[in-house]
Amino acid sequence: MSDEQLKSHRDAIDALDTRILELLNERASHARAIGEIKGGGLVYRPEREAQVLSRIKATNRGPLPDESVAKLFREIMSACLSIERPLTIAYLGPEGTFSQSAAIKHFGHAAVTQACASIDEAFRVVEARSADYVVAPVENSTEGAVGRTLDLMVNTPLQVCGEVVLRIHHHLLRKDPSFDGIRRVYSHAQSLAQCHEWLNKNLPAEVERISVSSNAEAARLASLDTQCAAIAGDAAAEKFGMLKLAENIEDEPNNTTRFLVLGYHHTTASGRDKTSLVMSAQNKPGAVHQLLSPLAEHGVSMTKFESRPSRTGLWEYVFFVDIEGHTGEARVQQTLDALRERAAFVKVLGAYPVAVL
Ligand SMILES: C=C(O[C@@H]1C=C(C(=O)O)C=C[C@H]1O)C(=O)O
């Protein structure tokens, strides 16, 4: 390509960038006007954001891939919203955890992320209105439910208003560039379990596996001790300046974690939604079968079913169920009415748009 051809493309890009900049600011002024109409009330609208992202993906004609344009628009909405007021998102810290990555994936980089020492604390700061939303892990495709989040959801006054799905890649991190002299490996218990086979094959049996409160905490500890390594992701590696001795060591190549977003927030229907419930069955034969039969009768699909000890009585259980649809839909309301008639306890945890990104 000649210098002249290069110059003409660069001139075209400069002219387009000027137009894009103008358009972005024009867009931002509409978002601001909406904020003024809402008069300082809640500006964040997860169902509207899901619709914007779905529409962008559906109308994209390339050459940019759908995922890339959706990510760009995620950031544009995040920036537009933050000129009203940046949202504060509580998560299991320290900085560099997958929970923080999930918060940024869902709310964009203009949101303020607030690290908390535990999932409990992340719920508490939102319950006390010191932060707007909490993003908490709820299930992993390899290791199953995150029990603490499920337990907290039973009693919290917060409602689920969104979900985030994040591919989880783990790496073996260390300050030292060799495998020699590793005595201990730190990680979150879930991550140790997700890399169990890799650890058995690749590290001597005497290397101790120590579970700590989060992956980023594991990376922080290993950054202070040359005899230690950590299992954590890219964000933690970067944050604590760790070397990757082995990459993508998760046993399952599709290792994915689902997070829920909770706040004092009722989301209206986006057109593609889920409703999360927790309920208990009476302790008698056929109770669970009976409990779930309204779903089949009303043609409502179940996307998740998880049982947990109820914590109040020995061998009593609560059931976490996700169904397709929104509580604003008649079919879902009828199903809920039928469930309430049968179950000893039913709580709607929230209705929210299916993750788009
Ligand atoms: C502009 C609005 O408010 C916020 C900003 C949005 C955007 O920038 O597109 C979308 C939804 C809301 O989070 C709206 O309600 O449409």
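Residues numbered from 1 in each chain as written. Predicted model: local features only at pLDDT ≥ 70, side-chain atom pairs only at ≥ 80, totals over all residues. Heavy atoms only, no water.

Asker: Would you explain the site of the ligand in this entry?
Answerer: The environment of the ligand is made up of Arg27, Ala31, Ile34, Lys38, Val43, Tyr44, Arg45, Arg48, Glu49, Met77, Cys80 and Leu81. One of the side-chain N or O atoms of Arg27 is found 2.8 Å from an oxygen atom in the ligand. Take Arg48: an N or O atom from its side chain is 3.4 Å from an oxygen atom of the ligand. Across the complex, the protein chains shield 94% of the 360 Å² of accessible surface that the ligand would expose by itself. Mapped by element, the contributors of at least two residues to the shell around the ligand are helix 1 (3–37), helix 2 (46–59) and helix 3 (66–82). In the shell around the ligand, the residues fall into seven nonpolar, no polar and five charged. (Near = heavy atom within 4 Å. Polar contact = N/O pair within 3.5 Å; in protein donor to acceptor, adjacent residues only side chain to side chain. Areas by Shrake-Rupley, 256 points an atom, 1.4 Å probe, with all protein chains shown as cover. Helix = DSSP H or I, 4+ residues; strand = E, 2+ residues; numbered from the N terminus. Nonpolar A, V, L, I, M, F, W, Y, C, P; charged D, E, K, R; others polar.)

Asker: How should helix 11 (residues 287–297) be read in this particular structure?
Answerer: Residue pairs spaced three or four apart in an α-helix point in one direction, given the helix's 3.6 residues per turn. Those residues of helix 11 lying buried are Ala287, Leu291, Leu292, Ser293, Pro294 and Leu295. On its buried face, helix 11 is in contact with strand 12 (273–280), strand 13 (302–309), strand 14 (317–324) and helix 12 (330–342). In the segment just after helix 11, Gly299 is the residue with positive phi, at about 65°. (Buried < 20%, exposed > 50% of the residue type's maximum accessible area, 1.4 Å probe, protein only. Contact = heavy atoms within 4.5 Å.)

Asker: For this particular structure, what's the right way to read the nonpolar core?
Answerer: Note on soluble globular proteins: their nonpolar side chains tend to be buried together. Judged by nonpolar contacts, the single largest core of 25 residues is most densely connected at Phe123, Val134, Met153 and Leu262. Going through the elements one at a time, strand 1 (88–92), helix 5 (119–127), strand 3 (133–140), helix 6 (147–155), strand 11 (256–263), strand 14 and strand 15 (345–353) are the ones with two or more residues in this core. The element contributing the most residues to this core is helix 5, with five residues. Residue assignment places this core across two domains, with domain 2 (86–168 + 256–263) and domain 4 (273–353) each supplying three or more. Residues contacting Leu262, with those up to four places away along its chain left out, are Phe123, Val126, Asp132, Tyr133, Val134, Met153, Thr156, Leu158, Gln159, Val160 and Cys161. (Core = buried A, V, L, I, M, F, W, Y, C linked by side-chain atoms within 4.5 Å. Domains from an automatic or database assignment.)

Asker: Any chance you could explain the sheet that holds strand 6 (residues 171–174) here in plain terms?
Answerer: Strand pairs in the sheet, formed through backbone hydrogen bonds, run parallel or antiparallel to each other. In spatial order, the strands read 8-7-9-6-10; together these five strands make up an open sheet with mixed pairing. The strands lining the two open edges of the sheet, one partner per strand, are strand 8 (208–211) and strand 10 (243–246). With strand direction ignored, the average angle separating the axes of adjacent strands in the sheet is 35°. Judged from the three bridges that link them, strand 7 (residues 184–187) and strand 9 (residues 228–232) form a sheet pairing that is parallel. Looking across to strand 9, one finds that Arg184 is bridged to Cys228. Contacts between helix 9 (residues 215–223) and the sheet are confined to strand 6, strand 7 and strand 9, with strand 9 contributing the most and set at about 160° to the helix. (Pairing = 2+ DSSP bridges. Axes fitted to C-alpha atoms, helices over the stretch in contact; angles between N-to-C directions.)

Asker: What am I meant to see in the packing of aromatic side chains here?
Answerer: What characterises a pair of aromatic rings is the spacing of the ring centres plus the angle enclosed by the ring planes. Scanning the model with the defined rule gives four aromatic pairs in all. Ring centres 5.6 Å apart and planes at 25° place the aromatic pair Phe107 and Tyr133 in the stacked group. Taken together, the residues span a long stretch of sequence, with Phe107 in helix 4 (residues 98–107) and Tyr133 in strand 3 at a distance of 26 residues. Exposure class is identical for Phe107 and Tyr133. Each is buried. Considering the side-chain rings of Phe305 and Phe319, the 5.4 Å spacing of their centres and the 20° angle between planes classify their relative orientation as stacked. Residue Phe305 is located in strand 13, and its partner Phe319 is located in strand 14; the two are separated by 14 residues in the primary sequence. Owing to a relative accessible area of 34%, Phe305 belongs among the partly exposed residues under this scheme. Overall, the relative accessible area of 9% leaves Phe319 in the buried class. Following the ring pairs from residue to residue traces out a cluster consisting of Tyr44, Phe107 and Tyr133. (Phe/Tyr/Trp six-rings, centres within 6.5 Å; stacked < 30°, edge-to-face > 60°.)

Asker: Please clarify how the packing of helix 5 against helix 6 should be interpreted in this entry.
Answerer: A packed helix pair is summarised by two numbers, namely the angle formed by the two axes and the spacing between the axes. One can describe the packing of helix 5 onto helix 6 by two numbers: an axis separation of 10 Å at closest approach and a directional angle of 30°. Relative to helix 6, helix 5 is oriented roughly parallel. The chirality of how helix 5 crosses helix 6 is right-handed. On helix 6, the residues touching Ile119, Asp120 and Phe123 of helix 5 are Arg148, Thr149, Leu152 and Met153. The class makeup of the residues in the contact of helix 5 with helix 6 is four nonpolar, one polar and two charged. (Parallel < 35°, antiparallel > 145°, perpendicular 65-115°, else oblique. Left-handed = near helix turned anticlockwise from the far one by under 90°.)

Asker: In this structure, what is going on with the confidence of the model for the chain? I would like to understand it.
Answerer: The predicted coordinates should not be examined in detail at positions where pLDDT is low. Looking at the chain, pLDDT values average 94 and 99% of them are 70 or higher. Across the interface, the model reports ipTM at 0.93; the global pTM reads 0.94. (pLDDT = per-residue confidence, 0-100.)

Asker: Just checking my understanding: could you explain the pairing of strand 15 for this structure?
Answerer: When a strand is regular, its side chains alternate between the sheet's two faces. For strand 15, a buried count of eight out of nine residues is recorded, marking the element as mostly surrounded by other parts of the structure. Two strands pair when backbone bridges link them, and strand 12 and strand 15 are joined in this way by eight bridges, in the antiparallel orientation. Paired with Thr275 across the two strands is Ala351, which belongs to strand 15.

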